[in-house]
Amino acid sequence: MSSSKDPSLPSADAAPDEAAEAQKLHELLMQFSREEDAKVAEREAAIAKNRARALQLLAVLEKSQA
């Protein structure tokens, strides 16, 4: 075996079940990563929307007190 291979991946002589399990785990990690990225984007959008609402409310309050 070449030393340039990723040691976290199963070797070619590993049992097929181990390779399949490793692939499933890799796919799950990738899926969780994509879902987390989507959640971050949703939170950022919610923060921006809440900030815009807060600024509108502040403008209304300042106008009513003037």
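Calculation rules
- Residues numbered from 1 in each chain as written.
- Predicted model: local features only at pLDDT ≥ 70, side-chain atom pairs only at ≥ 80, totals over all residues.
- Heavy atoms only, no water.
- Helix = DSSP H or I, 4+ residues; strand = E, 2+ residues; numbered from the N terminus.
- Areas by Shrake-Rupley, 256 points an atom, 1.4 Å probe, with all protein chains shown as cover.
- Patch = residues over 30% accessible without salt bridge, like charges linked within 9 Å, V, L, I, M, F, W, Y side chains within 5 Å.
- Salt bridge = Lys/Arg side-chain N within 4 Å of Asp/Glu carboxyl O.
- Buried < 20%, exposed > 50% of the residue type's maximum accessible area, 1.4 Å probe, protein only.

### Some words on the overall build of the protein
Link 1 in the chain: Check the secondary structure of the protein and you find 1 helix and 0 strands.
Link 2 in the chain: Here the protein has roughly 6,100 Å² of accessible surface; of this, 59% comes from carbon and sulfur atoms.

### Here we look at a nonpolar patch on the surface
Link 1 in the chain: A contiguous nonpolar patch, built from Leu25, Leu28, Leu29 and Phe32 and spanning about 400 Å² of accessible area, is present on the exposed surface.
Link 2 in the chain: Note on placement: Phe32 falls in helix α1 (residues 16-65).
Link 3 in the chain: Take Phe32: its relative accessible area is 48%, and that puts it in the partly exposed class.

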